[in-house]
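# Residue-level structural notes
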Amino acid sequence: MKVTKDLVAASATPMVLGILAEEDSYGYAILRRINELSAGELDWTEGLLYPLLHRLERLGHVKSSWQSVAGERRRKYYSVTDTGLAELAEQRRQWATVVDTLKQIWTGPGDAGLAIAGGLA
Amino acid sequence: MSTPDELESQFAQWRQYLQKRPELRKADADELEDHLRGSVDELVGAGLRADEAFLVAVKRMGSLDDLSREFAREHSERLWKQLVLTGEPDGAVASRSRRDLIAMIVCAAGAALSIKVPALFGMDLEHDMSFYGPNLGLFVLPWLAGFLAWRRGAPKPLIGALAGLFVLGAVAANVFPLGDQSQTLVLTTIHLPIALWFAVGLSYVSDEPRSPRRRMDFIRFTGEWFVYCVLIGLGGIVLIAFTFGTFKAIGIVPETFVGQWLVPCGASAAVVVAGWLVEAKQSVVENIAPVLTRLFTPLFALGLLAFLVAVGVNGAGIDIERDALILFDLLLVVVLALLLYSISARDPLGPPTLFDTLQLALVVSALAIDVLVLLEIVGRISDFGTSANKAAALGENVILLANLAWAAWLTLGLVRRRKPFAAVESWQTTYLPVFAAWAWLVVLVFPPLFSFQ
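Residues numbered from 1 in each chain as written. Chains lettered and ligands numbered in written order. Predicted model: local features only at pLDDT ≥ 70, side-chain atom pairs only at ≥ 80, totals over all residues. Heavy atoms only, no water.

## Quick word on the nonpolar core
All names here are of chain B. The following threshold applies: Put simply, buried Ala, Val, Leu, Ile, Met, Phe, Trp, Tyr and Cys residues joined by side-chain atoms within 4.5 Å make one nonpolar core. Each residue is placed in one exposure class: buried if its accessible area under a 1.4 Å probe, protein chains only, is under 20% of its type's maximum, exposed if it is over 50%, and partly exposed if it falls in between. Only DSSP runs of H or I covering at least 4 residues are called helices, and only runs of E covering at least 2 are called strands; the numbering of each starts at the N terminus.
In this structure, Leu-141, Leu-144, Trp-197, Phe-221 and Trp-225 are the most contacted members of the largest nonpolar core, which totals 49 residues. Going through the elements one at a time, α5 (91–120), α6 (129–152), α7 (156–174), α8 (183–204), α9 (212–249), α10 (255–280) and α15 (421–444) are the ones with two or more residues in this core. Per element, the largest residue contribution to this core is 10 residues, and it comes from α6. One finds Ala-301, Leu-336, Leu-362 and Trp-438 within the second-largest nonpolar core, a separate group that totals 42 residues.

## Regarding the pairing of strand β2 (residues 62–68) of chain A
Residue and element names in this part refer to chain A. Put simply, the rule is: Pairing between strands requires that DSSP locate at least two bridges from one strand to the other.
Of the pairings in the sheet, the one linking β2 to strand β3 (residues 74–80) comprises 7 bridges and is antiparallel in character. Counterpart to Gln-67 in the pairing with β3 is Arg-75. Where β2 hands over to β3, the hairpin turn is made up of 5 residues, of which Gly-71 adopts a positive phi near 80°.

## Focus: the interface of chain A and chain B
Note the following rule: For this analysis, residues touch if any pair of their heavy atoms sits within 4.5 Å. Accessible-area loss on putting two parts together, using a 1.4 Å probe and summing over both, is the definition of buried area adopted here. The term salt bridge refers to a side-chain nitrogen of Lys or Arg lying within 4 Å of a carboxyl oxygen of Asp or Glu. Counted as a polar contact is a pair of N or O atoms within 3.5 Å, where, for protein atoms, one must be capable of donating a hydrogen and the other of accepting one, and residues adjacent in sequence contribute only when both atoms are in side chains. Ten residue types, Ala, Val, Leu, Ile, Met, Phe, Trp, Tyr, Cys and Pro, are classed as nonpolar, four, Asp, Glu, Lys and Arg, as charged, and the remainder, Gly among them, as polar.
Taken together, the contact between chain A and chain B spans 21 residues of the former and 25 residues of the latter. Buried area between chain A and chain B, both sides added, is near 2100 Å², and the carbon and sulfur share of it is 56%. Linking chain A to chain B there are 6 salt bridges. When the shortest N-O distance is used, the salt bridge between Arg-73 of chain A and Asp-34 of chain B registers 3.1 Å. Counting across the interface, chain A meets chain B through 10 residue pairs in polar contact (both at pLDDT 80 or more). At the level of elements, α2 (27–37), α3 (46–58) and β3 of chain A are the ones that each hand at least two residues to the side of chain A that touches chain B. Tallying contributions element by element places α3 of chain A first for the side of chain A that touches chain B, with 8 residues. A breakdown of the residues in the side of chain A that touches chain B according to their chemical character gives 8 nonpolar, 4 polar and 9 charged.

This is the structure in structure tokens:
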């Protein structure tokens, strides 16, 4: 199973902002982390990630700087800004609404999805 | 077995491919190279040989075409003219440009012929200005909009909307009984082409009408189009001079040919040709409009400030004739154009510079002048009552005032590093429909409102 393109695109911003809210990071590490957390189900391309990072920077949600951490190559690190945190909070609120709604639909009485899943199990 | 040196030379080679792409800047290439190295390191750690790891890592990164297309979407200011948004492979480019050329020739010929159609009914440019004036945009701009819509493969509903707008414009210009000497005739003559230009804009952004980046591209398009028109016009003057001179030398005066055919047909065709040139980026002038704004922003800022100082020293408001009032309106429009083009040319990620401060000075002084002009107009309306002209001027100044005031506020935020440049940019792209709506309002509502006077 792979997650559809639309869903990936919609969820990319809060995921990147969320990861950067934990700690500053760089492109490759962000991609690895997404891959790990989703157990390989979310397979982002570079063509998705880097333009997204640059867009978030243009909007003022993240800042970037080239840094050399001891023992590593010089890298472009991204960090989240205050407006980025505000945006993240807003996105979380919206996602919570979506997820809650879906949960109620899918676990309601006579739920078709559950019946199918049960049948398969 | 590959050595570290071989691996490095592979990286260098890959890097060269990357740098051939105008979508990617050096910093992007650095960032992507770091990504590739991270990927290679991990694969080597998992037991692959270095050269295998390199191949797998490059493969994983996906095709450079896809990658650069995504970069182009985000950074459209870097190469807005070459945007490969149609997503065609390289091989199709040549045949594409040939088809573009043919479509352009058809549309330009259509525009040139359209302007001569009324001549079949015995009208001519010299004696029927009250017909030609308001209709001028209608002869030419549908062809330009058609060319752009064709090039974008515009969806059917959009083509319907475009057709509707042009028909609406034709109704406003010809069904209303505008008096030959009336103010509303002049207002329609000025505002209809502007209103129709926004219809051209709609066909320009047809793939993504709501995208601020595409709207910004249309602002760039307008600037470059204007520059190309001026250049073609200059060439036209040279052509006319030679036509006149050489034919006169053999005893023929080509006045009718030049006045009735060469000038009107040439000018109409030029509108389409200029649009095609911008699209096809046959760039004699690579992004000249932004360069011109860089030159003229400081000069205009100085001029406006000097004027304001003079007003302050004189101690009187601007008390002037109607013609001069129009001059001030035009001045404000020029300032707005300067503002828009410098915004469209600016690197969105760059930190605030001295130029942004200059721009702030320009906007604030324009704002002050706008207030002076508004006071004058309101004064005239309360003294002499309202008229179509005064109402139009009042509305335009209020619209400009709102735009400039908020632009000044946002630019101040930018200069003080409180707001990102994107805020300034998106304010202007969001505001574009307001201008369009106003132009259409003047064309459609003003004539009946002022009983066609």
